[in-house]
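# Examination of the molecular architecture
Here are the chains, one letter per residue:
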Amino acid sequence: MKSRKNRKFLTEILLGLLIITAVIIGASIGVVLAATRNIDLSEAFGEHKPALPTQILDIKGRLITEFFSSEKREIVSIDEMPKILIEALLTREDRHFYEHHGYRIQDIIKAGWHIITGQFFQGGSTITQQLAGTLYTDRSDISLKRKLIELWWAIQLERRYTKNEILEMYLNEMYFGHNTYGVETASQFYFKHSVRDITPAEAAMLVIQLAAPGYYSPINHPNRAKQRQKEILSQMVNLGYLTKEKASLSFQDYWDNYDYTRTNITSAWFEREDKAPYFSEYVRQKLEDMLYGSIDMYKAGLVVHTTLNLDYQKIADKVMREGIRKINATYQAQRNRRLKYADENFLNVIDLLSLTFNIDDLRVAGRRQKIQARNYFLNDLNPVMDIFSGMFNLSDIRYASKIGYKVEAKKEQKTEVQGALIAMDSTKGYIYAMVGGKKFERTDQFNRATQSKVQPGSAFKPLYYSAAISSRKFTESTMIVDAPVVFWNDDGTPYVPLNYKGEWKGRVLLWYALAHSMNVPSLKVLDGIGFSAAISRASRMLGFTDPAVIERVFPRKYPLGLGVITVSPLRMARAYATFPNQGREVDPIAIRYIEDRSGKIILEPEKELRLKQKRKGDSMQIMSPQTAYIMVDMLENTVKSGTLHWPTLTTIGKFDRPIAGKTGTTQNWSDVWTAGFTPQITTALWFGFDEKGHSLGVYTTGSTFAGPVWVKFMQEVHKNLPIEDFIKPDTGLREVTVCSKSGLLPTEYCKKTEKHIFLAGTEPKKFDTLCEYEAKRKRTVKENIRSSILPEDLGNNTFNLPGSIEGLGNLKSDTTGTTDKNSRTGNPLLD
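Residues numbered from 1 in each chain as written. Predicted model: local features only at pLDDT ≥ 70, side-chain atom pairs only at ≥ 80, totals over all residues. Heavy atoms only, no water.

### Details of unusual backbone geometry
Inclusion rule: Going along the chain from the N terminus, every DSSP run of H or I of four or more residues is numbered as a helix, and every run of E of two or more is numbered as a strand. The buried label applies to any residue whose accessible area, calculated with a 1.4 Å probe on protein chains only, is under 20% of its type's maximum; exposed applies above 50%, and partly exposed to all values in between.
Located in the positive-phi region is Lys192, a residue other than glycine, with phi close to 65°. The backbone of Ser517 sits at a positive phi, close to 55°, despite the residue not being glycine. Counting through the fold element by element, Ser517 comes out in the loop between α17 (510–515) and α18 (519–529). Taking relative accessible area as the criterion, Ser517 reaches 17% and is therefore assigned buried.

### As for a positive patch on the surface
Definition in use: For patch detection, residues must exceed 30% relative accessible area and be free of salt bridges, and they are connected within 9 Å for like charges or within 5 Å for nonpolar side chains (Val, Leu, Ile, Met, Phe, Trp, Tyr). Using the Shrake-Rupley algorithm and a 1.4 Å probe, accessible areas are obtained, with residue cover drawn only from the displayed protein chains. Whenever Lys or Arg places a side-chain nitrogen within 4 Å of a carboxyl oxygen from Asp or Glu, that contact is recorded as a salt bridge. As used throughout, the charge tally considers Lys and Arg to be positive and Asp and Glu to be negative, leaving His and the chain termini uncounted. Charged groups are reduced to one reference atom each: NZ for lysine, CZ for arginine, CG for aspartic acid, CD for glutamic acid.
A cluster of basic residues, Lys751, Lys778, Lys782 and Arg786, forms a positive patch on the protein surface. Within the fold, Arg786 resides in helix α26 (residues 770–786). A relative accessible area of 66% places Arg786 in the exposed class.

### Observations regarding helix α25 (residues 702–717)
Taken across its 16 residues, α25 has 12 buried, putting it largely inside the fold. Along α25, the positions that sit buried rather than exposed are Gly702, Ser703, Phe705, Ala706, Gly707, Pro708, Val709, Trp710, Val711, Phe713, Met714 and Val717.

### What to know about the sheet that holds strand β14 (residues 660–665)
The condition is simple: Think of it this way: DSSP has to see at least two bridges between two strands before they count as a pair. Lines fitted to C-alpha atoms define the axes, with helix axes restricted to the stretch in contact, and inter-axis angles between N-to-C directions lie between 0 and 180 degrees. We call two residues in contact whenever any of their non-hydrogen atoms come within 4.5 Å of each other.
Taken in spatial order, the five strands line up as β7-β6-β16-β15-β14 in an open sheet, and their pairing is antiparallel. Every other strand in the sheet has two partners, leaving β7 (431–435) and β14 as the edge strands with one partner each. Recorded for the sheet is a direction-independent mean angle of 5° between the axes of neighbouring strands. In this sheet, strand β16 (residues 681–688) lies alongside strand β6 (residues 418–425) in antiparallel orientation, the contact comprising eight bridges. Along β16, the bridge assignment pairs Asp425 with Ile681. Contacts from α25 reach β6, β7, β14, β15 (671–677) and β16, with the element oriented near 35° to β15.

### Topic: the packing of helix α16 (residues 461–471) against helix α19 (residues 531–542)
Applicable threshold: Every angle not falling under 35 degrees, over 145, or within 65 to 115 is termed oblique; those three ranges are roughly parallel, roughly antiparallel and roughly perpendicular. Helix crossings fall into two classes, left-handed where the near helix is turned counterclockwise from the far one by less than a right angle and right-handed where it is turned clockwise. Note that Gly is not counted as nonpolar here; it falls among the polar residues with everything else outside the nonpolar set of Ala, Val, Leu, Ile, Met, Phe, Trp, Tyr, Cys and Pro and the charged set of Asp, Glu, Lys and Arg.
Interhelical geometry of α16 versus α19 gives an angle of 125° and a closest axis separation of 8 Å. Taken together, α16 and α19 sit at an angle that is classed as oblique. As for how α16 packs across α19, the hand of that crossing is right-handed. On the side of α16, the interface is formed by Leu463, Tyr464, Ser466, Ala467 and Ser470, while α19 contributes Ala533, Ala534, Arg537, Ala538, Met541 and Leu542. Along the lines of polarity and charge, the residues of the contact of α16 with α19 split into eight nonpolar, two polar and one charged.

### Regarding the pattern of salt bridges
This structure, assessed with the given rule, holds 24 salt bridges. Arg574 serves as the salt-bridge partner of Asp587, at 3.1 Å between the closest nitrogen and oxygen. Here Arg574 lies in helix α21 (residues 569–577) and Asp587 lies in the loop between α21 and β12 (591–595), a separation of 13 residues in the sequence. For the pair shown, Asp587 and Arg574 are each scored as buried. With a closest N to O distance of 3.5 Å, Asp656 and Arg657 form a salt bridge. With a relative accessible area of 9%, Arg657 lands in the buried category. Through salt bridges that share partners, Asp58, Lys60, Arg62 and Asp311 make up one connected network.

### A short note on the pairing of β6
The buried count for β6 comes to eight of eight residues, which makes it a mostly enclosed element. Inspection of the sheet shows β6 paired to β7 by four bridges, in the antiparallel sense. The residue bridging Leu421 from the neighbouring strand is Val435, located in β7.

### Comments concerning the pairing of β16
Taking burial as the measure, the eight residues of β16 include eight buried ones, the bulk of the element. Judged by which residues are buried, β16 turns out to be covered on both faces: Ile681, Thr683, Leu685 and Phe687 on one side and Thr682, Ala684, Trp686 and Gly688 on the other are all buried. Judged from the seven bridges that link them, β15 and β16 form a sheet pairing that is antiparallel. Bridge pairing links Phe677 to Thr682 in β16. Between β15 and the antiparallel strand that follows it, β16, lie three residues.

### Points about the sheet that holds strand β2 (residues 63–67)
Spatially, β2-β1-β5-β12-β13 is the arrangement adopted by the five strands of the open sheet, whose pairing is mixed. Each end of this open sheet is capped by a strand with a single partner; those strands are β2 and β13 (601–603). For this sheet, the mean inter-axis angle between neighbouring strands, taken without regard to orientation, is 30°. The pairing of strand β1 (residues 54–57) with β2 spans four bridges and is classified as antiparallel. Pairing of Ile56 across the sheet is with Thr65, part of β2.

Encoded structure:
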């Protein structure tokens, strides 16, 4: 009995000393804090600025997405928060919140005792203290000093704010796991709806995140979170906040609708709503360059006004999704046909040889079963394993499923056709839409629209064709012979180009060669102007300025003319936009201006770009407006009668406005393109593999696959735009009717004529003699037949032949380029 009294006496003394010590320490710290920065901060409570995400808006002010890192937050008024949420919070964190003045002395003593004795202790802080600790202390510091500082700030908060104001600050400030801060953001992340619509079970799930968000994550540890949630609901029933029936129904409904596929998610960043993820990532990288680390864009609450048009983006997403699905289906069908043919015609023979000569490595039987089993695991079992591991927290199975996904990703690089699209304003350079691949996800964020380096194929030809027009050696009606020819590179190696399917057309005019993507005539154009002129023009249009980069990108060999360089769709779009922009450079731009959280404009990238362009003056002019207009006219013919004619007709019928473009297919059918423009919008589109060297198949071309998707997109985005004509220069051009065969002035012998546009002074001055020659030759043949005379001597008949025919028949690619004053074009390669 006596010993019991002694222990009680010692306990009272110890508690008394603890209280006295706490008061002394608290008073001392209070005096120090009051004399320093804390007094200043206490007067600035109303100036507290919580971390806010940066908003990315489209050109019409609509939200695209938000950027945040450690703090994803959206502020909600206490008046908008459901009562059940407040009740769940008070149940879990502070049941005496409306009774105390920011602290409870018994909890402080208990916490202090555990800190002094070195025992683990969690809790003991009121809601006000937790808020004070979050705002003004480092809560990872488990010390008596931190507790006292937290207490001092809690008292200041209670003096300055009402209880509801403190609750509002708390619920908007605190961390709820997975990089979410504040109840609204947490509710959107966990439940996919606003906190305003929260249920009792959801409210309980939110408040248990406050104590240990990683430990009780309903995504990574659903069973653990489920048990704790049930306990909170039971406590709420005991406190009279809920009926037992309502709590039970809410709990059951929550888990009946729980999504077990959301496993192993570490951050709200990967699940944030993003209506244009490839564009958003492009903007994020641009912001990092602009801000130079001076502003933390993940917390500063910036508002970034961009050029994207969400209406156009939605169309781009739809047509590319359909296009990628279709081209993959076609590729797989072709691949399966080849494999089936091999199975039926070769595998049995190979197996027989392996058995006859005892060559195990050659044996195929058995391997097919292994391949089938492997595909079944990757395609069917692996996703089920991932969900199963999340439901029962089985880390080994989750690890195995991760390996499966990595193997599948590597396989997709070889067998999955990807695609990219970039659409921009033809004059301002505004990026209106961007698709960088099949799907933007955590394991694949590569933006093929801006980062890929792929061959443009024949889509590259218009770039150096424009240099040919500028040189005045070539016109729309220049006649070239499409026939087998050998070109010799500077290193002495021969190059023998082929046309698609090895077909030859004979004599063709320049516009026709471009519209129908003919290789030999195009290389003769390249040969005629020389590599320097072609590379100079193409590099400027594509935006290359560094001489070292230009030398590396553009090889001085004839395959250059067939687009063997590597570029991104963004560079191709800016190059093609030069034509409708009257030959002036077009700089792609994604960000117009940036505001801080108060609405003040802090950066204006577009304004800076326009000033830079103004300072450049005439150097912005890559080619003359006259040359640009001729290129527009030739590329319009590609849509009217060339490689884009079939996609236009089959996809949408006749296009209702001026439009121009060009398809492209690389030599081994590995990349297919279409790029083109109207006066308002320029779009470049690509399909191909991430891993190079794989063929899409001989029937997969820019015309058959990229063309229809491009046409569909252009048709959709122009539906509500006014019809505009391409701007034609007032001077410097001549429109002349020429013979369709020779490109010269027509005579009575010309059965067909067409109108072409020329730089003033380059229009034909001579009349056609080709049609006359063919007519007389035909008549002579008929006369010889009638008179039963064999036509051995027909070759001795002499007619006035155009020099262009004779010269082209003996064309050699190593000619010097000396001008012949009597020639029609001034180019000995053609005359």
